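In case you want the letters, here they are:
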Amino acid sequence: MKFHIETWGCQMNDHDGEKLSGLLSAEGFEAVDATEDADLVLLNTCSIREKAVHKVYSELGRLREEKQRRPLLVGVTGCLAQQEQAALFKRAPHIDFVLGTMALRQLPRLVAEARAGKACVMDTGEYPDNHLFPPSVARRRDTAKALVTITEGCNHACTYCIVPTTRGAERHRPFVDVVAEVRGLVERGYREVELLGQNVNSYAGGCTFAELLERVSEVEGLEWIRFTTSHPMNFTKELARVLATNPKVAPFLHLPLQSGSDRILRRMLREYTVADYLERLGYLGEARARICLSTDFIVGFPGETEEDFEGTMKVLDEAAFDASFSFIYSPRPGTPSLRLKDDLPMAQKSERLARLQKRQTELTLASNLRFLGREIPVRIETHGPTEQGWWLARSGEWKTVHLAAGPGRELPFGELVKARITQASPHFLGAELA
Ligand code: SAH
Ligand code: SF4
Ligand code: F3S
């Protein structure tokens with residue numbers, strides 16, 4: 001059996017893809033890079049916005065045609081699988097099995113049943129111990145940074161969000177397990193890890209999230225720790241202090257704001273005001289100047305007035321985000337925000353999104369220009385130079401760096417090198433070896 005996994009969505013889903021890949025490899029299946037070469041295709045899906053769901057259905061359509069030409073097993077996993085469950089078989093009868101986000105370990109059984117000819121095989125059960133997935137099973141992609149789950153699920157209840165439905169309530173891995181996994185990864189050559197959860201800073205696996213960062217940072221040989229995602233209400237002074245002072249914690253923070261209007265934040269049930277958010281940023285003190293900050297925005301939330309949106313534009317400047325990810329509100333099935341009147345024309349939502357993104361591009365350029373002339377450590381993230389002759393690297397601040405090494409020079413994948421920044425654009429930094 002040859003298999004191929006297509007993954008959409010966040011880092012958590014990405015890492016689930018690595019876990020699924022490990023389960024199939026343990027069965028003796030062989031991973032292949034292209035759908036065309038596979039006997040089994042897994043669509044590891046995301047349903048955060050309608051667009052993500054469209055991509056899945058369009059790929060399912062393509063696979064239906066492929067299935068008419070040759071034998072092929074198609075399985076759907078990830079958030080759309082958990083959300084739609086048996087309804088997926090109605091919509092796309094050529095799906096052989098559906099596996100929910102909490103039932104990952106059932107994959108070999110489902111594949112076996114589907115191979116034996118059973119139709120509509122499904123497990124979307126809530127396995128309360130799925131966060132204890134054995135870490136050695138994951139088959140990681142060839143990346144310089146290793147993903148490490150610390151928390152599954154989310155206990156917040158943002159009115160627009162499908163994640164509490166698709167991922168369930170919070171479950172935390174014991175810190176000893178997390179530290180042991182990181183130690184093992186470093187032994188295998190990784191120098192950087194990213195701690196993952198829908199809400200990492202509500203971590204409660206025997207210590208606080210700030211303490212977990214300190215414990216993980218004690219792993220010898222580890223160079224950088226990243227984490228995603230944080231909720232502003234769980235961003236403590238203790239966490240700010242660790243971020244500001246622990247040299248192994250990369251100088252980067254992703255802290256989703258969503259809106260700069262208190263009225264909209266209330267309707268979103270985000271549990272904070274703009275002032276609360278800015279107060280928490282203030283916990284970083286002087287370190288804010290060297291820590292890069294990114295955020296998420298939802299534009300055109302039901303009832304968003306021009307004044308509400310102006311509030312968002314104002315905070316954008318006030319917080320001077322180094323980067324942001326912004327999306328037009330997308331109604332999700334079963335979420336409370338569906339009940340809110342949503343009568344703003346799409347053209348107006350798009351116009352606001354464009355305005356926000358234009359201003360963000362300017363802010364990101366300003367952030368990047370501050371790096372000009374500096375010498376900073378960057379990690380090599382490709383195995384060779386691109387066609388243009390530079391290597392792709394990443395700084396601690398999460399800046400993409402195009403690094404020129406000089407003709408014929410080989411740079412070691414996954415290692416830190418010193419780069420002198422010579423060029424700044426809104427999307428990347430240009431650099432030479434220092
Ligand atoms: N757990 C993370 C967010 C996960 S989803 C957190 O709370 O920060 C990533 C981002 O997608 C969110 O921050 C939000 O900006 C966006 N998003 C989530 N649901 C959305 C929806 N229904 N429409 C548009 N954007 C959405
Ligand atoms: Fe969704 Fe809110 Fe939980 Fe983030 S904190 S996953 S936006 S419910
Ligand atoms: Fe998407 Fe699920 Fe992640 S909805 S963003 S894959 S948690």
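It should be noted that the structure appears before, not after, this text.
Trainee: Can you walk me through unusual backbone geometry in this structure?
Mentor: Among all residues save glycine, negative phi is the norm, and among peptide bonds the norm is trans. Residue Thr229 is reached from Thr228 by a cis peptide bond, and omega for that bond is 0 degrees. Phi is positive for Gln258, close to 80 degrees, though the residue is something other than glycine. By the element assignment, Gln258 lies in the loop between β12 (252–254) and α10 (262–268). Judged by its relative accessible area of 8%, Gln258 is buried. Located in the positive-phi region is Trp398, a residue other than glycine, with phi close to 70 degrees. Topologically, Trp398 is positioned in the loop between β16 (390–395) and β17 (400–404). In this structure Trp398 comes out as partly exposed when scored by relative accessible area, which is 28%.

Trainee: So what exactly am I meant to see when it comes to the side chain of Lys399 here?
Mentor: Of note, Lys399 is situated in the loop between β16 and β17. As a buried residue without a salt bridge, Lys399 has its nearest oppositely charged side chain in Asp322, at a separation of 4.5 Å. Looking at Lys399, its side chain comes within polar contact range of the side chain of Ser367, at 2.6 Å. Among residues more than four places away in sequence, those in contact with Lys399 are Cys292, Asp322, Ser367, Asn368, Phe371, Ala393, Arg394 and Leu429.

Trainee: What exactly am I supposed to notice about the site of ligand 1 here?
Mentor: In the vicinity of ligand 1 lie 15 residues, with Gln198, Pro256, Gln258, Asp296 and Ser330 positioned nearest. Within the side chain of Gln258, an N or O atom sits 2.7 Å from an oxygen atom of ligand 1. A distance of 2.8 Å separates a nitrogen atom of ligand 1 from a polar backbone atom of Ser330. When the free accessible area of ligand 1 is taken as 550 Å², the share hidden by the protein chains comes to 90%. Among the secondary structure elements, those contributing two or more residues to the shell around ligand 1 are β13 (292–299) and β14 (323–328).

Trainee: What is the right way to read the pairing of strand β11 (residues 224–228) from this model?
Mentor: A regular strand places its side chains on the two faces of the sheet in alternate fashion. Of all 5 residues in β11, 5 are buried; the element is thus mostly enclosed. The sheet contact formed by strand β10 (residues 192–196) and β11 spans 5 bridges and is parallel. Counted as the bridge partner of Leu196 is Thr228 from β11. Read as a crossover between parallel neighbours, the route from β10 over helix α8 (residues 209–217) to β11 is right-handed.

Trainee: Before we go on, may I ask you to explain the packing of aromatic side chains in this structure?
Mentor: Given two aromatic rings, their pairing is described by the distance between the two centres and the angle made by the two planes. If you walk through the whole model with that rule in mind, you get 7 aromatic pairs. Ring centres 6.1 Å apart and planes at 45 degrees place the aromatic pair Tyr272 and Tyr277 in the tilted group. For Tyr272, a relative accessible area of 5% gives the class buried. Its guanidinium or amino end placed over the ring of Phe327, Arg49 lies 3.5 Å from that ring's centre, counting from NZ or CZ. The ring centre of Phe175 lies 4.0 Å from the NZ or CZ of Arg215, which sits over that ring.

Trainee: Would you mind going over the pairing of strand β15 (residues 375–380) with me for this structure?
Mentor: Sheet analysis places β15 next to strand β18 (residues 416–424), joined by 5 bridges and oriented antiparallel. Note on β18: the bridge partner recorded for Arg379 is Leu416. As judged from the 3 bridges shared by β15 and β16, these two strands associate in the antiparallel manner. Bridge pairing in β16 places Ile380 opposite Ala393.

Trainee: Could you clarify how one ought to interpret the site of ligand 3 in this entry?
Mentor: In the neighbourhood of ligand 3, the contacting residues comprise Cys10, Asn13, Cys46, Ser47, Ile48, Cys79, Arg167 and Gln198. Of the residues in the shell around ligand 3, the class split is 4 nonpolar, 3 polar and 1 charged.

The rules we used
Note that residues are indexed from 1 along each chain, following the sequence as it is written. Labels are handed out in written order, letters beginning with A for the chains and numbers beginning with 1 for the ligands. In keeping with the predicted nature of the model, local features appear solely for residues at pLDDT of at least 70, side-chain atom pairs appear and are counted solely at 80 or more, and the whole-chain, interface and lining totals rest on all residues. Processing note: side-chain calculations cover all non-hydrogen atoms of the structure and skip hydrogens and water entirely. In DSSP terms, a helix is any run of H or I states spanning at least four residues, a strand is any run of E spanning at least two, and both are numbered starting from the N terminus. Three labels apply to residues, based on accessible area from a 1.4 Å probe with only protein chains included: buried if under 20% of the type maximum, exposed if over 50%, partly exposed otherwise in between. Charge counting follows a simple rule: Lys and Arg are positive, Asp and Glu are negative, and His as well as the terminal groups are ignored. Whenever Lys or Arg places a side-chain nitrogen within 4 Å of a carboxyl oxygen from Asp or Glu, that contact is recorded as a salt bridge. A 3.5 Å cut-off defines polar contacts: any pair of N or O atoms within that distance qualifies, except that in protein one atom must be a possible hydrogen donor and the other a possible acceptor, and neighbouring residues in sequence count only when both atoms are side-chain atoms. Any pair of residues with heavy atoms lying within 4.5 Å of one another is described as a contacting pair. The cutoff for a nearby residue is simple: one of its non-hydrogen atoms must lie within 4 Å of the molecule or strand. Accessible areas in this description were obtained via Shrake-Rupley with a 1.4 Å probe; residue shielding takes into account the shown protein chains only. For two strands to be treated as a pair, DSSP must find at least two bridges joining them. A crossover counts as right-handed when, viewed with the strands pointing away from the observer, the path leading from the first strand over the helix to the second turns clockwise. When two rings of Phe, Tyr or Trp (its six-membered ring) have centres within 6.5 Å they constitute a pair, described as stacked for plane angles under 30 degrees, edge-to-face for angles over 60, and tilted for the intermediate range. The rule for a charge over a ring is simple: NZ of Lys or CZ of Arg within 6 Å of the ring centre, and within 35 degrees of the ring normal. Here the term charged refers only to Asp, Glu, Lys and Arg, the term nonpolar to Ala, Val, Leu, Ile, Met, Phe, Trp, Tyr, Cys and Pro, and the term polar to all other amino acids, Gly among them.

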